[in-house]
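Okay, here's what each chain looks like letter by letter:
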There are 2 protein chains.
Amino acid sequence: MANGFTPVSNGVPDEESITAPLLHLRRSTSNNTSQIAIVGSNPCPIESLDYEIMENDVFKQDWRSRTIENIAGIKFVVTSNRMLENKYAEAYLIFAAANLGLTLFAVTITAFIAPEAAGSGIPEVKAYLNGVDAPAIFSFRTLLVKIVGSIAAVSSSLNVGKAGPMVHTGACIAALTSAGIAAAFRAPVGGVLFALEEMASWWRSALLWRAFFATAIVAILLRGLTDLCLSGKCGLFGTGGLIIYDVTSVNISYHLRDVPPVLLLGVIGGIAGSLYNFLLGKVLRLYNLINEKGTIYKILLACIVSIVTSSLLFGLPWIAPCHPCPPGATEPCPTIGRSGNYKKFQCPPGHYNELASLFFNTNDDAIKNLFSKDTDTEFHPLSILIFFITCFFLSIFSYGIVAPIGLFIPVIVTGASYGRLVGLLIGSTSNLNHGLFAVLGAASLLGGTMRMTVSLCVILLELTNNLLLLPLIMLVLLISKTVADAFNGNVYDQIMSFKGFPYLETHAEPYMRQLTVSDVVAGPLRVFNGIELVGNIVHVLRTTGHNGFPVVDEPPYSDAPVLYGLILRSHVITLLKKKCFLESPRLDVDAVERFSASDFAKQGLGNQDKIEEIELSEEEMEMYVDLHPFTNASPYTVVETMSLAKALTLFRGVGLRHLLVVPKTSERLPVVGILTRHDFMPQHILGLHPMLERTWKVDLGERSLKIKKIEARNVCGSEVYPSLAAFEGGGVRGWGS
Amino acid sequence: MANGFTPVSNGVPDEESITAPLLHLRRSTSNNTSQIAIVGSNPCPIESLDYEIMENDVFKQDWRSRTIENIAGIKFVVTSNRMLENKYAEAYLIFAAANLGLTLFAVTITAFIAPEAAGSGIPEVKAYLNGVDAPAIFSFRTLLVKIVGSIAAVSSSLNVGKAGPMVHTGACIAALTSAGIAAAFRAPVGGVLFALEEMASWWRSALLWRAFFATAIVAILLRGLTDLCLSGKCGLFGTGGLIIYDVTSVNISYHLRDVPPVLLLGVIGGIAGSLYNFLLGKVLRLYNLINEKGTIYKILLACIVSIVTSSLLFGLPWIAPCHPCPPGATEPCPTIGRSGNYKKFQCPPGHYNELASLFFNTNDDAIKNLFSKDTDTEFHPLSILIFFITCFFLSIFSYGIVAPIGLFIPVIVTGASYGRLVGLLIGSTSNLNHGLFAVLGAASLLGGTMRMTVSLCVILLELTNNLLLLPLIMLVLLISKTVADAFNGNVYDQIMSFKGFPYLETHAEPYMRQLTVSDVVAGPLRVFNGIELVGNIVHVLRTTGHNGFPVVDEPPYSDAPVLYGLILRSHVITLLKKKCFLESPRLDVDAVERFSASDFAKQGLGNQDKIEEIELSEEEMEMYVDLHPFTNASPYTVVETMSLAKALTLFRGVGLRHLLVVPKTSERLPVVGILTRHDFMPQHILGLHPMLERTWKVDLGERSLKIKKIEARNVCGSEVYPSLAAFEGGGVRGWGS
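For clarity, every value in this text was computed on a predicted model and none was experimentally measured.

**Q** Got a sec to walk through the overall build of chain A? Specific residues and values, please.
**A** A count of helical and extended segments in chain A gives 26 helices and twelve strands. A separation threshold of at least 6 residues defines the contact pool for chain A, and within that pool the share at least 24 residues apart is 77%. Surface exposure of chain A reaches about 25300 Å², of which carbon and sulfur atoms provide 62%.

**Q** Requested: an account of the sheet that holds strand S10 (residues 637-639) of chain A, with residues and values cited.
**A** Residues and elements named next belong to chain A. Spatially, three strands are ordered S10-S11-S12 in an open sheet, and the strand pairing comes out mixed. A strand with exactly one partner marks an edge of an open sheet, and here the two such strands are S10 and strand S12 (673-675). Averaged over all adjacent pairs, the angle separating strand axes in this sheet is 35°, with direction ignored. For strand S11 (residues 659-662) and S12, the ladder comprises three bridges, and the chain directions are antiparallel. Bridge assignment links Leu659 to a residue of S12, and that residue is Leu675.

**Q** Could you give me a rundown of unusual backbone geometry, with the residues and numbers involved?
**A** Residues and elements named next belong to chain A. Not every positive phi belongs to a glycine, and Arg451 is a case in point at roughly 65°. Mapping Arg451 onto the fold places it in the loop between helix H15 (434-450) and helix H16 (454-464). For Arg451, a relative accessible area of 5% translates into the label buried.

**Q** Explain the packing of aromatic side chains to me, using residue names and the numbers behind them.
**A** Residue and element names in this part refer to chain A. Applying the stated criterion across every chain yields a total of 32 aromatic pairs over all chains. Ring centres of Tyr276 and Phe392 lie 5.6 Å apart, and the angle between their planes is 75°; this geometry places the pair in the edge-to-face category. One end of the pair, Tyr276, is in helix H9 (residues 259-292); the other, Phe392, is in helix H13 (residues 381-399), and 116 residues separate them in sequence. For the pair Tyr276 and Phe392, a shared accessibility class is recorded, and that class is buried. Above the ring of Tyr297, the side-chain terminus of Lys293 is found at 5.9 Å from the ring centroid.

**Q** Give me the state of the cysteines: which residues, what numbers.
**A** Within this structure, the stated rule accounts for two disulfides over all chains. There is a disulfide in this structure between Cys322 of chain A and Cys347 of chain A, and the S-S distance comes to 2.0 Å. Of note, the bridge from Cys322 of chain A to Cys347 of chain A carries an S-S torsion of about -90° and is left-handed in sense. Of this pair, Cys322 of chain A sits in strand S3 (residues 322-324) while Cys347 of chain A sits in the loop between S3 and strand S4 (351-353), and the two are 25 residues apart along the sequence. The class for Cys322 of chain A is partly exposed, based on a relative accessible area of 29%. Cys457 of chain A takes part in no disulfide bond, and the closest cysteine sulfur to it belongs to Cys457 of chain B, at a distance of 14 Å. Among the residues examined, Cys457 of chain A registers a relative accessible area of 0% and is labelled buried. Cys347 of chain B provides the cysteine sulfur closest to Cys391 of chain B, a residue in no disulfide bond, and the two sulfurs are 19 Å apart.

**Q** Describe in detail the sheet that holds strand S12 (residues 673-675) of chain B, supporting the description with residues and values.
**A** All names here are of chain B. Read across the sheet, three strands follow the order S10-S11-S12 without closing on themselves; strand pairing throughout is mixed. Since the sheet does not close on itself, it has two edges, and those belong to strand S10 (637-639) and S12, each with one partner. Taken pair by pair, the neighbouring strands of this sheet meet at an average axis angle of 35°, ignoring direction. Relative to strand S11 (residues 659-662), S10 runs parallel, the two sharing three bridges. Bridge pairing in S11 places Thr637 opposite Leu660. Packed on one face of the sheet, helix H22 (residues 644-654) meets S10, S11 and S12 and runs near 150° to S11.

**Q** Describe the packing of helix H12 (residues 363-371) of chain A against helix H14 (residues 408-426) of chain A, listing the residues and the values that go with them.
**A** All names here are of chain A. Between H12 and H14, whose axes approach to 10 Å, the crossing angle comes to 25°. The orientation of H12 with respect to H14, classified from their angle, is roughly parallel. Crossing handedness for the pair H12 and H14: left-handed. Together, Asn363, Asp364, Ile367, Asn369, Leu370 and Phe371 of H12 and Ile409, Ile412, Val413, Ala416, Ser417 and Arg420 of H14 make up the contact between the two elements.

**Q** Give me the pattern of salt bridges: which residues, what numbers.
**A** Residues and elements named next belong to chain A. By the definition in use, this model includes eight salt bridges over all chains. Across the salt bridge formed by Arg451 and Asp485, the nearest N and O atoms sit 3.0 Å from each other. Linking Arg451 in the loop between H15 and H16 with Asp485 in helix H17 (residues 470-485), this pair joins segments that are 34 residues apart in sequence. As a salt-bridge pair, Asp485 and Lys481 come within 3.2 Å of each other at their nearest N and O atoms. One end of the pair, Asp485, and the other, Lys481, are both in helix H17, four residues apart, so they sit about a helical turn from each other. Among the residues examined, Lys481 registers a relative accessible area of 9% and is labelled buried. The structure contains a network of salt bridges with shared partners spanning Arg451, Lys481 and Asp485.

**Q** Just give me the short version of helix H12 (residues 363-371) of chain B, but keep the residues and values in it.
**A** Residues and elements named next belong to chain B. Of all nine residues in H12, eight are buried; the element is thus mostly enclosed. Listing the buried residues of H12 in full gives Asn363, Asp364, Asp365, Ala366, Ile367, Asn369, Leu370 and Phe371. Looking at the buried side of H12, the elements it contacts are helix H11 (354-359), helix H13 (381-399), helix H14 (408-426), helix H15 (434-450) and helix H16 (454-464).

**Q** Explain the nonpolar core to me, and be specific about the residues and the numbers.
**A** Counting residues in hydrophobic clusters, the biggest one holds 225 residues, and the most contacted among them are Ile473 of chain A together with Ile473 of chain B. With near-sequence residues (within four places) excluded, Ile473 of chain A lies in contact with Val439, Leu440, Ala443, Cys457, Leu460 and Leu461 of chain A. With 50 residues, the next largest nonpolar core counts Val638, Ala645 and Phe651 of chain A together with Leu659 of chain B among its residues.

**Q** Please set out the environment of Ser444 of chain B residue by residue, giving values where relevant.
**A** Residues and elements named next belong to chain B. Residue position: Ser444 is located in helix H15. In this structure the C-alpha to C-alpha distance between Ser444 and Leu475, which are 31 residues apart in sequence, comes to 9.2 Å. In this structure Ser444 touches Leu265, Gly266, Gly269, Tyr418, Val476 and Ser480, once residues within four positions along its chain are discounted. A distance of 2.6 Å separates a polar side-chain atom of Ser444 from the backbone oxygen of Gly441.

**Q** Give a description of the confidence of the model for chain A that names residues and reports values.
**A** Residues and elements named next belong to chain A. For chain A, per-residue confidence averages 74 on the pLDDT scale, and 71% of positions sit at 70 or higher. Segment residues 1-61: pLDDT under 50, and 207 contacts once partners within four positions in sequence are set aside and those in other chains are kept. Low pLDDT, under 50, characterises residues 235-242; the predicted model gives this stretch 26 contacts beyond four residues in sequence or across chains. This prediction of the complex comes with two scores: 0.74 for pTM and 0.72 for ipTM.

**Q** Explain the pairing of S11 of chain A to me, and be specific about the residues and the numbers.
**A** Of the two faces of S11 of chain A, both are covered, the one formed by Leu659 and Val661 of chain A as well as the one formed by Leu660 and Val662 of chain A. With helix H22 (residues 644-654) of chain A bridging S10 of chain A and the parallel S11 of chain A, this β-α-β connection has right-handed handedness.

**Q** With reference to specific residues and values, describe helix H2 (residues 88-112) of chain B.
**A** Taking 1.5 Å as the rise per residue, H2 of chain B with 25 residues should run 36 Å; its terminal C-alpha atoms sit 35 Å apart, in good agreement. For H2 of chain B, the full list of buried residues reads Ala91, Phe95, Ala96, Asn99, Leu102, Thr103, Ala106, Val107, Ile109, Thr110 and Ala111 of chain B.

**Q** Can you break down the pairing of strand S8 (residues 562-568) of chain B residue by residue, with the values?
**A** All names here are of chain B. For S8, a buried count of seven out of seven residues is recorded, marking the element as mostly surrounded by other parts of the structure. In the sheet, strand S7 (residues 548-553) pairs with S8 via six bridges, with the strands oriented antiparallel. Looking at the pairing, Val551 lines up with Gly565 of S8.

**Q** With reference to specific residues and values, describe the packing of helix H3 (residues 122-130) of chain A against helix H18 (residues 491-499) of chain A.
**A** Residue and element names in this part refer to chain A. Where H3 meets H18, the closest approach of the two axes is 9 Å, and the angle between their N-to-C directions is 80°. Relative to H18, H3 is oriented roughly perpendicular. Touching Ile122, Pro123, Glu124, Lys126 and Ala127 of H3 are Tyr492, Asp493, Ile495, Met496 and Lys499, all from H18. Of the residues that constitute the contact of H3 with H18, the class distribution is six nonpolar, no polar and four charged.

Cut-offs used in this document
- One numbering rule holds for all chains: residues counted from 1, following each sequence as written.
- Key to labels: chains lettered from A, ligands numbered from 1, both in the order written.
- With the structure being a predicted model, the display of local features is reserved for residues of pLDDT at least 70 and the display and counting of side-chain atom pairs for 80 or more, all residues being used for whole-chain, interface and lining totals.
- Note that the side-chain values use all heavy atoms of the structure and ignore hydrogens as well as water.
- In this description a helix means any DSSP run of H or I spanning at least four residues, a strand means any run of E spanning at least two, and both kinds are numbered starting from the N terminus.
- Only heavy atoms matter for contacts: two residues are in contact if any of them lie within 4.5 Å across the pair.
- Shrake-Rupley sampling with a 1.4 Å probe provides the accessible areas, and residues are treated as covered by the protein chains on show and by no other component.
- Two strands qualify as a pair provided DSSP detects at least 2 bridges between them.
- Where helices are involved, their axes are fitted lines through C-alpha atoms of the stretch in contact, as for all axes, and angles between N-to-C directions lie from 0 to 180°.
- Exposure categories follow from relative accessible area, calculated using a 1.4 Å probe and restricted to protein chains: below 20% of the type maximum is buried, above 50% is exposed, and the middle band is partly exposed.
- Aromatic rings from Phe, Tyr and Trp, taking only the six-membered ring of Trp, are treated as a pair when their centres fall within 6.5 Å; an angle between ring planes under 30 degrees marks them as stacked, one over 60 as edge-to-face, and anything in between as tilted.
- We call a charge positioned above a ring when the Lys NZ or Arg CZ atom is no farther than 6 Å from the ring centre and deviates by at most 35 degrees from the ring normal.
- Here, the term disulfide refers to a pair of cysteine sulfur atoms separated by no more than 2.5 Å.
- Relative orientations are named as follows: roughly parallel for angles under 35 degrees, roughly antiparallel for angles over 145 degrees, roughly perpendicular for angles from 65 to 115 degrees, and oblique for any other angle.
- Should the near helix be turned anticlockwise from the far one by less than a right angle, the crossing is left-handed, and should it be turned clockwise, the crossing is right-handed.
- The working definition used for a salt bridge is a side-chain nitrogen of Lys or Arg within 4 Å of a carboxyl oxygen of Asp or Glu.
- Put simply, a nonpolar core is a bunch of buried Ala, Val, Leu, Ile, Met, Phe, Trp, Tyr and Cys residues held in one set by side-chain atoms that sit within 4.5 Å of each other.
- Under this definition, polar contacts are N or O atom pairs within 3.5 Å; protein pairs additionally need one hydrogen-donor-capable and one acceptor-capable atom, and for neighbouring residues in sequence, both atoms have to be side-chain atoms.
- A residue's pLDDT is the predictor's confidence in that residue, given on a scale from 0 to 100.
- Note on handedness: a clockwise path from strand one over the helix to strand two, with the strands aimed away from the viewer, defines a right-handed crossover.
- Expected span, for any helix, means 1.5 Å times one less than how many residues it has.
- Each residue gets one label: Ala, Val, Leu, Ile, Met, Phe, Trp, Tyr, Cys and Pro are nonpolar, Asp, Glu, Lys and Arg are charged, and the others, such as Gly, are polar.

Listed below in structure tokens is the structure:
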């Protein structure tokens, strides 16, 4: 049904097929379930395959990383040169000014051109794949701002990441969501798994292999390009090859006694990760209040964050003492400007400042320094501790500003720092060198915040090229995820719910078992006759925002009122636009011939025809349309007494947008309502049934007990409310929210 | 609803929930849709998590590999010693006899004790996860035979693998299906992905993380145990650590000019792979005819295969010349008996027989030899060619014998051989050494037969510990899969359809769009009244094998006949067994109190109560039962005019076992039929509508054209048959089957 024209008796129309149906969130505050409209883009971008695009993507992603390195690099070089001349104040000013400028640029373009581009974009993409299309998240200006803005933001030494924006970019240009991660980290397989584990709402085995196909092309191209550029002919391309943070140590070996410290790392990661998510939530709420005040506040906030960041990055190294360079260090010592270990900063020649090596650096270099294996003596525990605390809070306070920034890299840095710290404290009792501890630390914090397992595991493998670490990484991820799950949810889901996307969960809430679908169908039901008066149609379309309408045949066209099917708003509008009307009410069998498939093809986001735009004369208003040929005659239906939980299973499992509710007995109208995504949202349901609110808050043990009691009580098909009453009477304790 | 007791108005009964519903295939040849019965085991073993089991599993898997090595080793040692004494005939006899004995043992126990244990078991597990439960595939004797038999079979020098049986073993002991692969190859992440990509029919994100959890435990335990055993205290455990075929070469580098040979490998792999699947199918059919003749034929067949194999393995090396050992070879040369490169075989001291190094070895060692990187000069192209051809056909002709044997390893060996061959032929024009070509060859043939992408990629990475190969492996897998898909399907699917499992595909066949559900509902519909006479119930249960019955309320209990719900055979039988009858027809509100949840818990496979076993007196037959409390009042329903394709989407998407068909208009009985898995099987549908047979065989271009025409013709809701007639009239060409 690729052509979008969905004939009647056979086949699954696009928006009713397995692929995620789309729901367009209007900016209006109303919760009215009728506030939905078809969007035009392919509901499941992960499906699309386009070499050209992939190619551009690769170029862009890698080109982007390089640009960041260069911008940040120049900044560091200039600053460091000033410091060589002992012009520290000037150095700070240049450093802070550069950062402020870049931040300002990023925030300004975001705030003025594309506010949708703010943040990592992963929640948006995830919601999109679930069927929720936030306005303009895939528009061209978003894409543009996303690319330019993230470059500026990341170069401005803010503790923010570029992975998320890359994922969004990938999705934006209709490439696979995995393309971003694949190129961001040069972790192709990890990219695929990331897309599937974190993003995809509907699993198809085809998905896996297509995503793999696309990322394979990314990987091969990337490999080929970096290969071409080994000669350095093309400056912006890197020489790193596929593995960014290579920690391969030939004779790595660890024994069971290395497991306890790893377990410890897992627990720390779990606690730190859930704390991170918790604080991030709070900060986002706070920032939201500020940002809502207006653009100027957005910019002010960003400026403050930038200045504080610059000051910390520039100021903190001063508290660290200067160490003499270790004799026979594998790397140059001290290094000046740009990347590298053993930063000279303010130290005398032959000495290095350990904190500067971490702070006065791009995040990528900081990670490299922490992961590097031959530098066990470089850092003092205290410095690492300072670095950890600073990173932890900086990343939390940086994410909320209105710029295209991600979380991935900051989390890795933070995790790596305490990983290294644990390594330092354990010292020689373990076979693992501190670099490996840093890797495990990064894994643990990623597990604690993102709560992914397989994809993170593979990404880390692809990053570090150290397969022997696999069991330990798995162990750490397991523990941190398990611990963190005890406290709160995955960070992207948190942001998603914070943004108010109606994300449709797979599992039904327990209280949904206590409700029937008829308990939640809300709003007035608008029905069309099989052969309808144009005037009525126009009136209905103008007065409601519904996107699907049941079509009912009534005598004389049937002996009793019978549900014929479901027709989509967009198709009705097309009919009105084409003005293929009938003078008298009659079947219009060959109406289809007057349309081409393209007439019913989905239209791009924002390009849908509006009913307001259609001009109709008085005479036309008096004419008729035969809707039968354009109605989907096989809509999915549930009986009004169906339990809400099972209706959700159907709605979510099949990926529906409209679910018709039909009466149990046949006296009345053959359809009693339409269920849409909003009708399954807890807010909506609890709004309709406040009594559930408390019930829902019963702690699990007690609730399951009660539910069992109720099940025993109303097994004989009694209504549902008595059982709710039973809940009420149960004298249940609240969670205290 | 873990307790299996499924109350009426709320909640999803087990066998109707998302997890794969189970369908028990009777051995009877009848295709009657009523030939189904509930089985007791957890429909989705991938769900279960059991540390204890995992642990045993690890022990067993690793222990198994070791045992095989030892048995085979002893055999080779003894044989080689004879050869040292130039007693070649004796050596051959011992070799052949040992192989024959082991094969006989494997086949005999399989044929007599557990025929279900024959083959790799992966198709069975895959079908099981799709909802099809072949008889006794998870019984204890199957498990036993699977373990012992696969050890014997693999040790008997047959060109068969142990991975498949391990997967089955893993499933057997209710461990995760991934556990097998994870331990078989020590590729934990690959194991998880294998389970998901190849096995799982219903994707839940929880699945990924649970599978990961379990395999992580496998990995960590395995790592710990091999660690403990480095000292060699526990003989049966290996010292290999996690990576079996380590091909890490420190300074691996390849350039764009290495890509063409890799592309070539991919194409070869695709063609060879599809040819492999094709031939395997033919051979299986042939063998099936022989095996059906009786146990003695099964054994004879196996003996012939074993003797031929032995003769080839022992005979072919003689045609290879003896080469002098290369000076300064990294490995001992020549080696005698057991594993190792540079086999002496019949050669004079200081010389080695290249073919013997491949043939006269366990498969694992052959792979090691082919993958090893410093032996570019060891093999002559001709020998490799001979080895390739022999492996290719031996593995095809070995798989069909009645023993627990797999395909994974033989495919790797075969692929590695031609990979190495390509490497040899290309020679020094490529940077890649022959070992890496062998790895890529293995990848290509795996991709061509199994058609998996991500999981194979990760498994190979974990096997070879060479991340730098990643882009090339991805490339090879893509090409081989794409090429092979052009010819036929994945090998496991082929075997599955050959075994006749009613596997439910996700996608609907095009002709299903031309049918409504009412076109396929077959068989007499048996309906119970809400309050039913015991006699009637017993009669219905005795005369049909149906597993679910619609419950209809009729006056006086409702003003019109109305569908109340669906009741399961097993629950009805429980009611009869408990004999909670009523003298007079009335509602029995507190019937539930007389039952405990456990009464309705699912019973183990084979333990279900049979209606025949229930003794009922004449009086009891005259009494009544109120079915309401035990009926699922929220069954999923479709209208009879629903297109079959969309009904399948619902059935498959939600994972149903019964789907009630309700009438469009309400004159007649409120239910017109029940759809079960069988009603969606092409055989069944094409049996009912032979005219479709030809239609279906129209080549795609023409069909899509026709379908469009028909869509245009019956958009106005005309019946379906005219459109089929239109097909008929279309004068369509057959495919020639």
